[in-house]
Amino acid sequence: MPADLRAWGDGEPHVPTAIAVTSADLALPPQDERTLPAVVLKDVDQRPLEQVLAELQSLVDQHGHVVVVCSQAVPASVERRLRTVRALLETDRVALFQPSLPPLGLAVLVRQLRQLASCDLSPGILASAGRLLTHYVHAGAVLGSVTRLDRVPVDLKAHARSWVPGSQFGVVAHPVPQLVRIGPEAALSGPEFATWLLVAKGQHSADWVTGTLAPSWQVQGLREMPLPAESPHWWGTGRLTEFCAYLPDLSVLYQLVTSVRQSTCHWCGIDVIGDRCVFCSATPPVYDDDGGRALGHRRDPALGRRSERRALTG
């Protein structure tokens, strides 16, 4: 491990930022001995508001900052409850992160954040790292049907072929949507860097993923895990095998994050990566044409509006 990858705990007390999830499926087994556990916020939309409020307040008291990661496919009641609790706490120490990743890819991203939480990254940089690392996650699935798939563009021909018995489709949902009907010449474009492949088998064979996709993507290793409970809903069918190519090495993740230009949020003063503070949702102020006075602070309320997340350019 490179010498510049510094861990907390040597000479200075520190409580790492808490990484919380709304489903146990998002808390994958540790990648290495430094991977910190995830906090599972169970049934946040079903438990009394006071319980969820007290739980999140306790996490803030213990860890200082909390990053809550949840899927964009969670029920609307879950997202409303999280926003309500965050607003009631009246704090900018809780961030809600909802990347457009399928369940397995999201679980991998959460584990990467848990790996980085053991390093000397400030809360704002760690939380911002989630937006950066999504660009290095290649997530997809082999589906037995695409008739109910609405998260990747599906043309009429693919819909028609989906009714043919025995049809299989290879789909990549992120970072660039792809869809092919599996056959002798079928191929999906993969990452241009060394990755590992995580495979979650559902009611479908994983043979094409392990025998064809993995070699074509030149993965360095392959691991299997149970299919996340939310995957059939996200992909529109239970006849699937989900897969995700990712960077497993903590030193590589750390180098990626620390090599990106950092700035200080003008609103809450926390260090961040990119153009939006993940905790207070502020963006840089807008200045007049002469570069003089600021015309406005552009701050979204509470956890921020559902606006387009721009790719980080560094």
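Right above here is the structure, for reference.
Parameters at a glance
- Residues numbered from 1 in each chain as written.
- Predicted model: local features only at pLDDT ≥ 70, side-chain atom pairs only at ≥ 80, totals over all residues.
- Heavy atoms only, no water.
- Phe/Tyr/Trp six-rings, centres within 6.5 Å; stacked < 30°, edge-to-face > 60°.
- Helix = DSSP H or I, 4+ residues; strand = E, 2+ residues; numbered from the N terminus.
- Buried < 20%, exposed > 50% of the residue type's maximum accessible area, 1.4 Å probe, protein only.
- Pairing = 2+ DSSP bridges.
- Axes fitted to C-alpha atoms, helices over the stretch in contact; angles between N-to-C directions.
- Contact = heavy atoms within 4.5 Å.
- Core = buried A, V, L, I, M, F, W, Y, C linked by side-chain atoms within 4.5 Å.

J.: Could you clarify how one ought to interpret the packing of aromatic side chains in this entry?
T.: All chains considered together, the criterion is met by three aromatic pairs. Note on Trp217 and Phe243: the rings are 5.8 Å apart at their centroids and 80° apart in plane angle, and the pair reads as edge-to-face. With a gap of 26 residues between them, Trp217 in the loop between α6 (207-216) and β9 (221-226) and Phe243 in strand β10 (residues 240-246) connect regions that are remote in the sequence. Like Phe243, Trp217 is buried. Measuring from centroid to centroid gives 4.8 Å for Trp234 and Trp235, while their planes differ by 65°, and the two rings are edge-to-face.

J.: Even after reading the chapter, I still don't get the environment of Ser281, so can you show me in this structure?
T.: Within the secondary structure, Ser281 sits in the loop between β12 (271-273) and β13 (286-287). The buried category is assigned to Ser281, whose relative accessible area is 4%. On a C-alpha basis, the gap between Ser281 and Ala95 in space is 8.7 Å, while along the polypeptide they are 186 residues apart.

J.: Help me out: how do you make sense of helix α4 (residues 123-133) in this one?
T.: Within α4, 11 of the 11 residues are buried, leaving the element largely enclosed by the surrounding structure. Looking only at α4, the buried set comprises Pro123, Gly124, Ile125, Leu126, Ala127, Ser128, Ala129, Gly130, Arg131, Leu132 and Leu133.

J.: For this particular structure, what's the right way to read the sheet that holds strand β7 (residues 178-181)?
T.: Backbone-to-backbone hydrogen bonds pair the strands of a sheet. The strands run either parallel or antiparallel. Within the open sheet, the six strands sit side by side as β7-β6-β5-β10-β8-β9. Their pairing is mixed. Each edge of the sheet is formed by a strand with only one pairing partner; in this case those strands are β7 and β9. Adjacent strand axes in the sheet meet at a mean angle of 20°, parallel and antiparallel pairs treated alike. Here strand β8 (residues 196-201) pairs with β9 via six bridges, running parallel. The residue bridging Ala200 from the neighbouring strand is Met225, located in β9. Helix α3 (residues 103-116) rests against β5 (138-143), β8, β9 and β10 of the sheet, and its axis sits at about 30° to β10.

J.: How should the nonpolar core be read in this particular structure?
T.: Nonpolar side chains in soluble globular proteins tend to end up buried together. Core analysis: the largest hydrophobic core is formed by 50 residues, its most contacted members being Val69, Leu116, Leu121, Val257 and Phe279. Dropping the residues within four chain positions of it, Phe279 is found in contact with His65, Val66, Val67, Arg86, Asp92, Arg93, Val94, Ala95, Pro123, Gly124, Ala127 and Ile270.

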